[in-house]
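Geometric and topological summary
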Amino acid sequence: QSKHDYKEAFMSLSSNVLVSVTIILYNKQIFQVLNFPGAVTLSAIHSLVGFSILSLMSAAGVFEPGVINRGVLLRQCCIWGSSVAFDLLSLKHNSVGFFQIAKLSMLPLAAIMNLVIAGERPSVRLSLALLWLCGGIALTTSTDVQVNFQGSVFSVIAVCTTVLNQVMAGQVMHNSGMSSMQYTLALTLPAGIFLILVGPVVDWYATGIRIDLWLIQNNNTSVILGIMVTAVLGVAVNVTAYWSIKTTNAVTYQVAGQVKNMLIIVLAFILFSYPIYAKNVLGMLIAISGAVAYVYVKVLDQSSSDSVKLLSKELSNDDKFQSQCISP
């Protein structure tokens, strides 16, 4: 690679890490500091703003819009919308550290789904890496003082719907030849409409607060600005992720993902004054090291079969579609 290529790769990864870390912490700021009660309503706003910005980018010739069968589009909107909404519900009702570590459980869940659906049996060393990861998740969960039943339920649903979204989105894009940007543009408007219809009802059920009355009573600049900033950041996550995947390989992108996890967790402890317990921190370190080991073993397994191209495709699917969500 030329010096220019390395510079572009560094810039794309740096911007993706910066934006990804910022949007998680800023969303938590909206929920915890500004006390915004509408996680699902917020995801609807993210989707509609994302559609507006992506439409302008498409009109400017950045990428061509794609076409999806209407039946498939309806199904994917429900799955994608649920994934985005429950992701924000999980962030609202859990600590940032637990939220991030819980998301790592998508790796073993995806491995199980691949085994059941495609019959792809993981190697012994890959299974050991996933067990190490699961041990860290279990230790983190058992020692997090902010863990609660409602937050745990939202977290489990968020993980399951996100993995399902990854699997189904991968199939749709493969069959239709669409890029992640085209796929996101196709989904954001119908998903945004779906979420804006069900969002206030779900938010009222989850919090007991009517979002329309809350917005009338708290119609201040900080709330409106905060919501719009996170919506724009959501689009920026998509754009920088797409840029990073184009300028780097999948392994580098995966490793950068673990750097994001560590930065988010460390900054969350500082910004939100979470209590620090040795066992809880140890659990997070074990989980993140397990995720790093997973990436490393994946490289070894694929290198041994001389399937470098297949590696890039599989590893991209593990993390690429997470950043397609307009929210975190």
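Description of the overall build of the protein
Counting its secondary structure elements, the protein contains 13 helices and zero strands. Listed N to C, the secondary structure of the protein is α-α-α-α-α-α-α-α-α-α-α-α-α in terms of helices and strands. When each of the 328 residues of the protein is scored for burial, the buried share is 51%. Intrachain contacts of the protein at a sequence separation of at least 6 include 89% that bridge at least 24 residues.

Examining the packing of helix α3 (residues 70-93) against helix α7 (residues 149-176)
Helix packing for two helices is described by the angle between their axes and how far apart those axes are. Axis separation between α3 and α7 bottoms out at 8 Å; the angle between their running directions is 145°. When the axes of α3 and α7 are compared, the crossing they make is left-handed. Here the contact of α3 with α7 is composed, by residue class, of 12 nonpolar, 11 polar and two charged.

So, helix α6 (residues 124-143)
Note that an α-helix has 3.6 residues per turn; residues three or four places apart therefore point the same way. Between its first and last C-alpha atoms α6 spans 29 Å; for 20 residues at 1.5 Å apiece the expected length is 28 Å, and the two agree. When we look at burial in α6, the residues that qualify are Leu-126, Ala-129, Leu-130, Leu-133, Gly-136, Ile-137, Thr-140 and Thr-143. Looking down the long axis of α6, one finds its buried residues gathered within 165° of arc, a one-sided arrangement. Structural note: α6 exposes Val-124, Leu-128, Leu-131 and Ser-142 on the side pointing more than 90 degrees away from its buried face.

Section: empty space enclosed by the protein
Taken as a whole and assessed by the stated rule, the structure comprises four cavities of 30 Å³ or more. Roughly 90 Å³ of internal volume is contained in the second largest cavity. If you trace the second largest cavity, you find 12 residues lining it, with Asp-144, Phe-269, Tyr-274, Pro-275 and Asn-280 closest to the centre. For the lining of the second largest cavity, the per-class residue count stands at six nonpolar, five polar and one charged.

Remarks on the pattern of salt bridges
Tallied over the entire structure, the rule returns one salt bridge. For the salt bridge of Asp-212 with Arg-210, the shortest nitrogen-to-oxygen distance reads 2.7 Å. We classify Arg-210 as partly exposed; its relative accessible area is 45%.

Concerning the packing of aromatic side chains
Considering all chains together, one arrives at four aromatic pairs under this definition. With centroids separated by 5.4 Å and ring planes inclined at 80°, the aromatic side chains of Phe-36 and Trp-214 adopt a geometry described as edge-to-face. Here Phe-36, found in the loop between α1 (3-32) and α2 (39-59), pairs with Trp-214, found in helix α9 (residues 211-217); they are 178 residues apart in sequence, far enough to count as distant. Here Phe-36 falls in the buried class, since its relative accessible area comes to 1%. Its relative accessible area of 9% is what places Trp-214 among the buried residues. Each ring, one from Phe-269 and one from Tyr-274, has its centre 6.0 Å from the other, and the planes form 90°; the classification is edge-to-face. For Phe-269, a relative accessible area of 16% corresponds to the buried category. On the basis of relative accessibility, which here comes to 9%, the residue Tyr-274 falls in the buried class. Through pairs of rings, three or more aromatic residues link up here, namely Phe-269, Phe-272 and Tyr-274.

What counts, and at which threshold
Residues numbered from 1 in each chain as written. Predicted model: local features only at pLDDT ≥ 70, side-chain atom pairs only at ≥ 80, totals over all residues. Heavy atoms only, no water. Helix = DSSP H or I, 4+ residues; strand = E, 2+ residues; numbered from the N terminus. Buried < 20%, exposed > 50% of the residue type's maximum accessible area, 1.4 Å probe, protein only. Contact = heavy atoms within 4.5 Å. Axes fitted to C-alpha atoms, helices over the stretch in contact; angles between N-to-C directions. Left-handed = near helix turned anticlockwise from the far one by under 90°. Nonpolar A, V, L, I, M, F, W, Y, C, P; charged D, E, K, R; others polar. Expected span 1.5 Å × (residues − 1). Arc of directions from axis to C-beta. 1 Å grid on protein atoms, 1.4 Å probe; cavity = no way out; pocket = protein on both sides within 12 Å on 5 of 7 lines; lining within 4 Å. Points joined across faces, edges and corners; volume = space filled by probe spheres on them. Salt bridge = Lys/Arg side-chain N within 4 Å of Asp/Glu carboxyl O. Phe/Tyr/Trp six-rings, centres within 6.5 Å; stacked < 30°, edge-to-face > 60°.

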